[in-house]
Amino acid sequence: MEIYVLLKRTFDTEEAIQLENGQIDEDGAEFIINPYDEYAVEEAIRVRDAQGGTVTVVTVGPEDADKELRTALAMGADQAVRISIEDDIEEADHFTISEVLAGYLKEQTVDLIIAGNVAVDGGSGQVAPRVAELLDIPYVTTITKLELDGTKAVVTRDAEGDTETIKTTLPLLVTAQQGLNEPRYPSLPGIMKAKKKPLEELELDDLELDEDELAPRLETIERFLPPNKAAGKILEGELNEQVAQLASLLRNEAKVV
Amino acid sequence: MTKALVLAESRDGSLRNVSFEAIAAARRVADEVIAVLIGHNVAKDADALASRGADQVLVVEDERLLHYTPDGYGQVFLELMNRTSPDVLVFGHTSLGKDLSPKIAAKLQAGLISDVTAIEGEGAEATFIRPIYSGKAFEKVKVSEGKTLFTVRPNNIDPLEAGSSQGTVESVTVELKDLRTIVADIVRKATGGVDLSEAKVIVAGGRGVKSSDGFAPLQELADVLGGAVGASRGACDADYCDYALQIGQTGKVVTPDLYIACGISGAIQHLAGMSNAKVIVAINKDPEANIFSVADYGIVGDLFDVVPLLTAEFKKMLVHG
């Protein structure tokens, strides 16, 4: 079973966002594996342990992302691939990233691809379904359970609170929703072993991709922070009075009830 | 003349409000708006689309389209695209829209602006505002090449009134080839019937609700206000409720008109998911709780005292007008 995990390095969700000249200020910020991608890594390891095979973790990003790839290797992935595009393409969008990933994956034998359902930074959730379409394989997003039997798959997915059971076949791409599993922490031996596991760096030339055909389709004109909220009103008095006052404020002042 | 194709969505037998919002958004960007309604026994909803901004409604019915699948809906949508040659494609930022729109965008080698909360300018000059870092920041985006594809976040763009358009309705047939994923079963989760991502009012509980039973008074308040119940990660991790209810940077990002946070401390990840709600009420025993920093109105007190009183107060108010 050849399993690929699409992984993104993101800002730690603890971080507040600051802007510096219209760019997100990354100075001193902590980075992590996108939390949804951690479920993907965990699920890939479990499938491999049950069925045999190889787990390859793939990311598109700069050298800094090696840290997150090593973490995935320490969790138990077998090998990692980082595709470096920053020398060729200035501001990649989802179109660019998915074409690059698909360009790499088309050259591999793929049984199963697992990704997070969304990255907590960009928040679009586009790349994985795009990759499935480019590879012309079926996909199921926001999954909470994956059962494999030969090339048959039964997948449980969360659709806005409803639980759908989907029947499909491999090769398949799925994206992880919270609840799929409980990701493990890397063990100390895992961390030691990870240092020796293969981490390959590729560039567009290695994939025979032409940067001119990967030009982003979207342009970000500006980034900004939401306006600071004025301090709210803490109500006072007897609890009964506070509640009556709140109901009246919501109806007459805020007009939301 | 620019033309937009909008995917309308029906859920549990009725149109989702986000479909009207998507049509209104499409009108900002294109001269002519065609709504697409896909499913099984959905034709009854076409007139509503035709009167609320769509110039034309194309209805595709097939029993194999009873449940959404990316292959089924994808084939229909792409075929209708070939027949109508639109410049703009609009989807709701819903479970279905999020699942289907990237497939269409990949097919077209186009960009896709996800989760649009506002549109500035009109027609070809339009720019799109969308949250990043789950609402901790925003970005303004435009299309630099190819067709304009975007998904609209529920509750952010005002829909048009009934009577805004007198569109035509046409039933069309699309041939379906093999569908690689099949929906074998759906279990509807009881969330009071109101969908969290589209709810105008959300009553959310945190660790302060103490147990799954502790959500009962919150549900009662939500029912009175026609809202939905949500939760913080703390409450989900403690197993008081299902992860489907989780609001925050992991979980759902919501923008209701009214958000009532009960026993939620206000971790930065939770604030990211809800701080763009129009009005926020915080109810917490701890006057130092971070949630008060984003609240418009706060009551310092035990949610188990406050929430039932508030429910009773609204009952009185809503009965007597």
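Scanning chain A from N- to C-terminus turns up six helices and 15 strands. Based on the C-alpha atoms only, the size of chain A along its principal axes is roughly 65 × 45 × 40 Å. Looking at chain A residue by residue over its 257 residues, the buried ones come to 47%. Here the analysis covers contacts within chain A between residues at least 6 apart in sequence; of these, 71% occur between residues at least 24 apart.

Let's shift gears to the overall build of chain B. Regarding its fold elements, chain B presents eight helices and 18 strands. Its C-alpha atoms give chain B a radius of gyration of 21 Å, near enough to 20 Å, the size a compact globule of 321 residues would have. Principal-axis analysis of the C-alpha atoms places the extent of chain B at approximately 60 × 40 × 40 Å. Residue pairs at least 24 apart in sequence account for 67% of intrachain contacts in chain B once pairs closer than 6 positions are excluded.

The subject of this paragraph is helix H8 (residues 303–320) of chain B. The end-to-end C-alpha separation of H8(B) is 25 Å, in line with the 26 Å expected for 18 residues at 1.5 Å each. Here H8(B) has its buried residues at Leu303(B), Val306(B), Val307(B), Leu310(B), Thr311(B) and Glu313(B). In the core, the buried residues of H8(B) are packed alongside helix H6 (239–253) of chain A together with helix H5 (216–224), strand S16 (258–262), strand S17 (279–284) and strand S18 (297–300) of chain B.

All names here are of chain B. Judged by how many residues are buried, strand S1 (residues 3–8) sits mostly within the fold: five of six residues are covered. The pairing of S1 with strand S4 (residues 32–39) spans six bridges and is parallel. Within the sheet, the bridge partner assigned to Leu7 lies in S4 and is Val36.

This part is about the interface of chain B and chain A. It is common to report an interface's size as the accessible area lost on association of the parts. Counting residues at the interface gives 79 residues for chain B and 69 residues for chain A. With eight residues, the single largest contributor to the side of chain B that touches chain A is helix H4 (residues 95–108) of chain B. In this structure, strand S11 (residues 162–169) of chain A lies alongside strand S13 (residues 182–187) of chain B, joined through five bridges in antiparallel fashion. Its bridge partner lying in S13(B), Glu164(A) is registered against Ile186(B).

Domains assigned within chain A are domain 1 (2–214) and domain 2 (230–257). Using only C-alpha atoms to locate each centre, domain 1 of chain A and domain 2 of chain A end up separated by 46 Å.

A word on the sheet that holds S11(A). If you trace the 10 strands from one edge of the open sheet to the other, you get S13(A)-S7(A)-S6(A)-S1(A)-S8(A)-S12(A)-S9(A)-S10(A)-S11(A)-S13(B), paired in mixed fashion. For this open sheet the edge positions go to strand S13 (199–203) of chain A together with S13 of chain B, each flanked by a neighbour on one side alone. Geometrically, the sheet is characterised by an average inter-axis angle of 30° between neighbouring strands, direction not taken into account. Pairing between strand S8 (residues 112–116) of chain A and strand S12 (residues 172–176) of chain A: five bridges, direction parallel. Bridge pairing in S12(A) places Ile113(A) opposite Leu173(A). Sitting on the sheet, helix H1 (residues 35–51) of chain A touches strand S1 (2–6), strand S6 (54–60), S8, strand S9 (139–149) and S12 of chain A, and the angle it makes with S8(A) is about 155°.

Residue Leu170(A) is joined to Pro171(A) through a cis peptide bond whose omega torsion reads -5°. Along the chain, the position of Pro171(A) falls in the loop between S11 and S12. Unlike most non-glycine residues, Thr142(A) shows phi in positive territory, near 45°. Of note, Asn41(B) is a non-glycine position whose phi angle comes to about 60°, a positive value.

Residues and elements named next belong to chain B. You can read the domains of chain B as domain 1 (3–171) and domain 2 (201–320). Of note, the centres of domain 1 and domain 2, computed from C-alpha atoms alone, are 31 Å apart. At the junction of the two partners, domain 1 supplies eight residues and domain 2 supplies eight residues.

This part takes up H4(B). Residues and elements named next belong to chain B. Given a rise of 1.5 Å per residue, 14 residues ought to cover 20 Å, and the 21 Å separating the end C-alpha atoms of H4 matches this to within 8%. Among the residues making up H4, those that are buried are Ser95, Leu96, Gly97, Lys98, Asp99, Leu100, Ser101, Pro102, Lys103, Ile104, Ala105 and Ala106. At the exit of H4 stands Gln109, carrying a positive phi of roughly 50°.

Our focus in this paragraph is the sheet that holds strand S8 (residues 118–120) of chain B. In space, the four strands of this open sheet follow the order S14(A)-S10(B)-S9(B)-S8(B), with antiparallel pairing throughout. Both edges of this open sheet fall to strand S14 (218–224) of chain A together with S8 of chain B, since each of them pairs with a single strand only. Taken over all neighbouring pairs, the strand axes of this sheet differ in orientation by 30° on average, direction set aside. Alignment of S8(B) against strand S9 (residues 127–132) of chain B, held across three bridges, turns out to be antiparallel. The residue of S9(B) that forms the bridge with Glu120(B) is Thr127(B).

What counts and what doesn't
Residues numbered from 1 in each chain as written. Chains lettered and ligands numbered in written order. Predicted model: local features only at pLDDT ≥ 70, side-chain atom pairs only at ≥ 80, totals over all residues. Helix = DSSP H or I, 4+ residues; strand = E, 2+ residues; numbered from the N terminus. Buried ≥ 20, exposed ≤ 12 C-beta atoms within 10 Å, placed from the backbone. Contact = placed C-beta atoms within 7 Å. Rg over C-alpha atoms; globule rule 2.2 N^0.38 Å. Expected span 1.5 Å × (residues − 1). Pairing = 2+ DSSP bridges. Domains from an automatic or database assignment. Axes fitted to C-alpha atoms, helices over the stretch in contact; angles between N-to-C directions.

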